[in-house]
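Chain by chain, the residues:
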Amino acid sequence: MNNFRKFVKDNLAVGFLLFALFLGAGNIIFPPLLGQQAGENFIPAIIGFLITGVGLPLMGIVAVAKNGGDLQQISSRIHPWFGIIFTSIVYLSIGPFFAIPRTGAVTYQIGIAPYLSNSDSWVPLFITSFIFFAVCLYLAINPTKLVDRIGKVLTPALLMVILLLAIKSVITPMGAIQAAQGEYIHNAFSKGFIEGYLTMDVLASLVFGIVIVQSIQAKGIIDRAKQVSITIFAGVVAALGLSFVYISLSWIGVTSPTVTGYFDDGGSVIAASAKALYGNAGNIFLSLVIILACVTTAVGLISANATFFTKLFPKISYKTFTIVFTIFSFIVSNFGLAKLISITLPVLLFIYPISIVLMFMVMMDKAWNRAPIVYTLALAATAFVSLYDGISGAGFEIKWYANIVGTLPLHDQSLGWLIPAIVGALIGWVIHLMTKSAKTVTH
């Protein structure tokens, strides 16, 4: 018991670090919208959301940590070019393509829009995002401990805001639970499962793994088994924290419609709910915390992307990448939060299943001696199905493609890629064994 207490005490900080890495301001906006739309089907919806928003990221952290923490090195087991391309896609997805612009859009939607009489004009969003990204660019180009210090204060502050909102929504609910809306009427679990993609935490976990490994190594722990056990503990701490946050915010959304009305994005839901629960003071405090959290998240992601691509293309400076990524993010953020999320989802429908399968393959790769053919066929089969899901999610329909994918088991639950991935891996394994046996006979 004493050893366990010492283990917890020594490594709790690593768990809080991982939780802080995952809890970006963008994550705050999805659960309230889920709760508002799921209504009476809240329980199956939040279970689906927690699987992809909490459970799979936890597994991703463990999988990467078990294999040294370097995503590019791990994905290069399939092929060096796959390692470069896939890792680049992951960084760009949690960087200038989606996650960084989302911080600017969330800043406007929660921090500025509620105080405007006419929020339909493009001008306030443009001015807000311009100022926001100018500040982020300055901080990213001029690294300072200010961002880290603010970040350490903001995570507890953000948790406190969520806790206060959740307690008030339980003690004095804003309204009765309403009927489910849209896809949540008949497919609450699968809809919640897909909504969990939008957190992008599975992609983030593949990158955060190296941060956790380095943090553990900095404590002088070099034994791989100990690193993995600490990582698992840290992952459990982060998972419990995230689960609390997501369930609390979802419940706020569930009880909100009769007072706030329905919205197209979670940013508006949480802003309106804060005002309904605590008045203007609650809204102002929420806005301030979210804006600062968005700044620290954006700076961290800009810096991480610039660092990675400078390593990939050493002839281009860190400063140049920082400027390019910031300007690009500024442009994309002006699509607005709702539009940005609608653009993001089809891409995530394509790359998320590939990331999930890669994560599971990495965890079990000793079973097939890391044979590239096993990885390749499993991921190719997954990509065939997930590409269709992405195309379909974007509003396009290819009849012959739909006829094939539509016959797959679990397709209606948005898991049509699962069986093909398993079959692909098994075929790859058989080919690996046959090739290995043929080489043995030859020699």
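Preceding block: the structure.
Analysis parameters
- Residues numbered from 1 in each chain as written.
- Predicted model: local features only at pLDDT ≥ 70, side-chain atom pairs only at ≥ 80, totals over all residues.
- Heavy atoms only, no water.
- Phe/Tyr/Trp six-rings, centres within 6.5 Å; stacked < 30°, edge-to-face > 60°.
- Helix = DSSP H or I, 4+ residues; strand = E, 2+ residues; numbered from the N terminus.
- Buried < 20%, exposed > 50% of the residue type's maximum accessible area, 1.4 Å probe, protein only.
- Axes fitted to C-alpha atoms, helices over the stretch in contact; angles between N-to-C directions.
- Parallel < 35°, antiparallel > 145°, perpendicular 65-115°, else oblique.
- Left-handed = near helix turned anticlockwise from the far one by under 90°.
- Contact = heavy atoms within 4.5 Å.
- Nonpolar A, V, L, I, M, F, W, Y, C, P; charged D, E, K, R; others polar.
- 1 Å grid on protein atoms, 1.4 Å probe; cavity = no way out; pocket = protein on both sides within 12 Å on 5 of 7 lines; lining within 4 Å.
- Points joined across faces, edges and corners; volume = space filled by probe spheres on them.

Visitor: Would you explain the packing of aromatic side chains in this entry?
Guide: One pair of aromatic rings is described through two measures. These are the centre distance and the angle between the planes. Within the structure shown, the criterion is met by 19 aromatic pairs. With a centroid separation of 5.3 Å and 65 degrees between ring planes, the pair formed by Phe-126 and Phe-330 is classed as edge-to-face. In this pair, Phe-126 sits in helix H7 (residues 122-141) while Phe-330 sits in helix H14 (residues 318-333), placing the two residues 204 residues apart along the sequence. On the accessibility criterion, Phe-330 (14% relative accessible area) is buried. Cluster of aromatic residues (ring-pair linked, three or more members): Tyr-91, Phe-308, Phe-309, Phe-321 and Phe-325.

Visitor: Explain the packing of helix H13 (residues 266-312) against H14 here, please?
Guide: Working note: a packed helix pair is described by the angle between its axes plus the distance between those axes. Direction vectors running N to C along H13 and H14 enclose 130 degrees, while the axes themselves pass 9 Å from each other. Classified by the interaxial angle, the pair formed by H13 and H14 is oblique. Classified by chirality, the crossing of H14 by H13 is right-handed. Contact with H13, carried on its side by Ile-302, Ser-303, Asn-305, Ala-306, Thr-307, Phe-309 and Thr-310, involves Tyr-318, Phe-321, Thr-322, Phe-325 and Thr-326 of H14 and no other residues of that element. Residue composition of the contact of H13 with H14, grouped by class: six nonpolar, six polar and no charged.

Visitor: Can you help me understand the layout of surface pockets in this one?
Guide: Summary: where empty space remains is shown by rolling a probe the size of a single water molecule over the atoms. One number sums up the size of the second largest pocket: a volume of about 780 Å³. Every residue lining the second largest pocket is counted, 29 residues in all, and those nearest its centre are Glu-183, Lys-191, Ile-194, Leu-345 and Leu-349. If you list the elements that add at least two residues to the lining of the second largest pocket, you get helix H2 (30-38), helix H9 (188-195), helix H15 (337-363) and helix H16 (372-393). The element that contributes the greatest number of residues to the lining of the second largest pocket is H15, accounting for five residues. Residue composition of the lining of the second largest pocket, grouped by class: 13 nonpolar, ten polar and six charged.

Visitor: For this particular structure, what's the right way to read the environment of Phe-328?
Guide: Within the secondary structure layout, Phe-328 lies in helix H14. A residue is classified by how much of its surface remains accessible, and Phe-328, at 37% relative accessible area, is partly exposed. For Phe-328 and Ala-378, which are 50 residues apart along the polypeptide, the C-alpha to C-alpha distance reads 34 Å. Beyond its immediate sequence surroundings of up to four residues, Phe-328 is in contact with Pro-96 and Phe-97.

Keep in mind these numbers describe shape, not what the thing actually does.
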